[in-house]
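If you want the building blocks of each chain, they are given just below.
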Amino acid sequence: MNPNLASLHPYPFEKLAQLKQGITPPHDKAPIVLSIGEPSHPTPHFIQEALLAHSQGLGIYPTTKGIIELRLAIAEWLAQRYAIPVAALDPDSHVLPVSGTREALFSFAQCVVDASVAVKPLVVMPNPFYQIYEGAALLAGADTYFVNTTEATGYLPDFASVPDSVWQRCQLLYICSPGNPSGAVMSQQQQQTLLNLAEQHDFIIASDECYSELYDDEAQPPVGLLQTAYAMGNTAFKRCVVFHSLSKRSNAPGLRSGFVAGDADILRQYFQYRTYQGCAMPLPTQHASIKAWQDERHVIDNRRLYREKFTAFISILSEACPVNQPPASFYVWLKTPFSDTEFARQLFAHENLTVLPGSFLSREFNGINPGANHVRIALVAPLDACIKSAHRIKNFLNIL
């Protein structure tokens, strides 16, 4: 067996299941689960119809690169969304479809990390983080280096605290903006700083942008890494690879459809890797994805639904504790008055409401666990369930 498997931590939801063991929640309160970031808004009918209309494609092996129509739709969406000239994005060399960002974020590290170097490489990532980053780094034979995100830094990674010796060993940097779990958004200036560091120290930036289309202010969509690179004159997107998904944007987590885009030289090698990995997207999924990337109306409506839930949830809960709406994502990153694990456990015991302890999403680093004393609340349930959840948390806080 791969010896690096022993380095993997239990997944957060495995820890959560253990935390809840032995507890019998009140039977008079229906269970509400806000621990998992799984969208529950209906998948648009036109996406489902496109999937069915092309079901004959199940009889054909799909290619790793996907059909040109899909890559063209993705390139056009990127250009429109991030103010990049269409001509600057070649669908043949800058875009590659993937079966959801989870598998791509993991497999990317297996492809780009060179563990044969004399000094063991580093993969740098925010803390808290999507645990796929850590697992990908460890199984690629690298060490991990965490960059804490705290209230003092606006829940953004404190990259200024990273010493040059770390950047010199860094081969891959994962960033996530809008962030999971805080919803914090990196500025273009912060991304410019990272691109300059990547140029100076020769590492790749993998930008997880799967929450990019869930934002509060219609006039201020989050900036993307390719957008920043192009604005800096890096028109070949050197050292930049972005990861996007239809799971959150289009409420289609079961479609397992996303893409990577950026540096053509990196994608050419990643494409070769993927031909052996065997994660080609089925043709019906590709055709449904084309329809999804070509339509913005359902995405605007999706943001409206989340905005309604945030407004109602925060209005109720703010009467019991400080709570802020993030600029993006569908998470509330709530500070707890005592241990986050005990808070989540007691909340489940008293209110039959499941949230995720923040410490399950982070590691102790430089003397602190930045996820401690926080819980992640995913406002993915219907509006009425989110309202009930806010009342339950409020009631729970009031009896403490």
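The rules behind these values
Residues numbered from 1 in each chain as written. Predicted model: local features only at pLDDT ≥ 70, side-chain atom pairs only at ≥ 80, totals over all residues. Heavy atoms only, no water. UniProt positions renumbered as here; feature names shortened; annotations may be inferred. Helix = DSSP H or I, 4+ residues; strand = E, 2+ residues; numbered from the N terminus. Rg over C-alpha atoms; globule rule 2.2 N^0.38 Å. Buried < 20%, exposed > 50% of the residue type's maximum accessible area, 1.4 Å probe, protein only. Contact = heavy atoms within 4.5 Å. Areas by Shrake-Rupley, 256 points an atom, 1.4 Å probe, with all protein chains shown as cover. Pairing = 2+ DSSP bridges. Right-handed = clockwise from strand over helix to strand, strands pointing away. Polar contact = N/O pair within 3.5 Å; in protein donor to acceptor, adjacent residues only side chain to side chain. Core = buried A, V, L, I, M, F, W, Y, C linked by side-chain atoms within 4.5 Å. Domains from an automatic or database assignment. Buried area = accessible area lost by both parts, 1.4 Å probe. Salt bridge = Lys/Arg side-chain N within 4 Å of Asp/Glu carboxyl O. Nonpolar A, V, L, I, M, F, W, Y, C, P; charged D, E, K, R; others polar. Axes fitted to C-alpha atoms, helices over the stretch in contact; angles between N-to-C directions. Parallel < 35°, antiparallel > 145°, perpendicular 65-115°, else oblique. Left-handed = near helix turned anticlockwise from the far one by under 90°.

As recorded in an unreviewed UniProt entry, the protein goes by the name Succinyldiaminopimelate transaminase, listed as coming from Methylovulum psychrotolerans. What UniProt records for the protein under Cofactor (unreviewed entry) is the sentence "pyridoxal 5'-phosphate".

Engineer: An account of the overall build of the protein is requested, with residue identities and associated values reported.
Structural biologist: A count of helices and strands for the protein gives 14 helices and twelve strands. For 400 residues, the compact-globule estimate of 2.2 N^0.38 gives 21 Å, and the protein sits close to it at 21 Å. For the protein, the C-alpha atoms occupy an extent of roughly 60 × 55 × 45 Å along the three principal directions. By residue count, 56% of the 400 residues in the protein fall in the buried class. Taking the intrachain contacts of the protein between residues at least 6 apart in sequence as the baseline, contacts between residues at least 24 apart amount to 76%. Element-wise, carbon and sulfur atoms account for 53% of the exposed surface of the protein, whose accessible area totals about 16,700 Å².

Engineer: Go over the pairing of strand S4 (residues 143–148) with me, naming the residues and quoting the values.
Structural biologist: Bridging between strand S3 (residues 122–127) and S4 involves six bridges; their strand directions are parallel. Note on S4: the bridge partner recorded for valine 124 is tyrosine 145. The parallel pair S3 and S4, bridged by helix H5 (residues 131–139), forms a crossover whose chirality is right-handed.

Engineer: So what's going on with the side chain of arginine 303? Which residues, and what values?
Structural biologist: Tracing the backbone through its elements, the reader meets arginine 303 in helix H12 (residues 297–317). A polar contact of 2.7 Å, which involves the side chain of arginine 303, links it to the side chain of glutamate 218. Apart from residues no more than four positions distant in its own chain, arginine 303 is found in contact with Glu213, Leu214, Tyr215 and Glu218.

Engineer: Residue-level account of the sheet that holds strand S11 (residues 356–357), with values.
Structural biologist: Here three strands make up an open sheet; going across it, the order is S9-S12-S11 and the pairing antiparallel. Of all strands in the sheet, those with a lone pairing partner are strand S9 (331–335) and S11, marking the two edges. As defined by bridge partners, S11 adjoins strand S12 (residues 374–378) across two bridges and the pair is classed as antiparallel. Looking at the pairing, proline 357 lines up with valine 375 of S12.

Engineer: Provide a residue-level description of the nonpolar core, including the pertinent values.
Structural biologist: Core analysis: the largest hydrophobic core is formed by 115 residues, its most contacted members being Leu78, Phe108, Trp167, Leu173, Tyr174 and Ile377. Per element, the largest residue contribution to this core is eight residues, and it comes from helix H3 (residues 68–82). In terms of domain composition, this core takes at least three residues from each of domain 1 (5–42 + 298–399) and domain 2 (53–295). Contact partners of phenylalanine 108, with chain neighbours within four places excluded, come to Leu172, Ile204, Ala206, Val241, Phe243, Ile266 and Tyr270. Among the nonpolar cores identified, the runner-up in size contains eight residues, and Cys210, Tyr211, Tyr306 and Tyr331 belong to it.

Engineer: So, the domain arrangement of the protein: which residues are in play, and what are the values?
Structural biologist: For the protein, the assigned domains read domain 1 (5–42 + 298–399) and domain 2 (53–295). Between the C-alpha centres of domain 1 and domain 2 the distance comes to 26 Å. Each side of the interface is counted separately: domain 1 has 38 residues, and domain 2 has 41 residues. Here domain 1 and domain 2 share an interface that buries about 3,400 Å² over both sides, 55% of which is from carbon and sulfur atoms. Among the residues domain 1 hides against domain 2, the three largest losses belong to His298, Arg303 and Phe365. Together they make up 18% of the total. At the surface where domain 1 touches domain 2, the tally comes to five salt bridges. Residues arginine 303 and glutamate 218 are paired through a salt bridge, measuring 2.7 Å at the closest nitrogen-oxygen approach. Seen at the junction of domain 1 and domain 2, the total is 24 residue pairs in polar contact (both at pLDDT 80 or more). Where the side of domain 1 that touches domain 2 is concerned, the elements lending two or more residues are H12, S9 and S12. By residue class, the composition of the side of domain 1 that touches domain 2 is 20 nonpolar, twelve polar and six charged.

Engineer: Requested: an account of the environment of aspartate 208, with residues and values cited.
Structural biologist: You can see aspartate 208 is positioned in strand S6 (residues 204–208). Aspartate 208 gets classed as buried once you look at its relative accessible area, which sits at 2%. Sequence separation between aspartate 208 and leucine 197 is eleven residues, and the spatial gap between their C-alpha atoms is 18 Å. Excluding residues that lie within four positions of it along the chain, aspartate 208 makes contacts with Leu105, Tyr130, Tyr133, Ile175, Cys176, Ser177 and Phe243. Engagement of the side chain of aspartate 208 in a polar contact is seen with the backbone nitrogen of cysteine 210, the distance being 3.3 Å.

Engineer: An account of the packing of H3 against helix H11 (residues 283–293) is requested, with residue identities and associated values reported.
Structural biologist: Interaxial distance between H3 and H11 falls to 9 Å at its minimum, and their mutual angle equals 20 degrees. If you check the angle between H3 and H11, you find them roughly parallel. Crossing hand, H3 versus H11: left-handed. Taking contact as the criterion, the partners of Glu69, Leu70, Ala73, Ile74 and Trp77 in H3 are, on H11, Gln286, Ser289, Ile290 and Trp293. In the contact of H3 with H11, the residues fall into six nonpolar, two polar and one charged.

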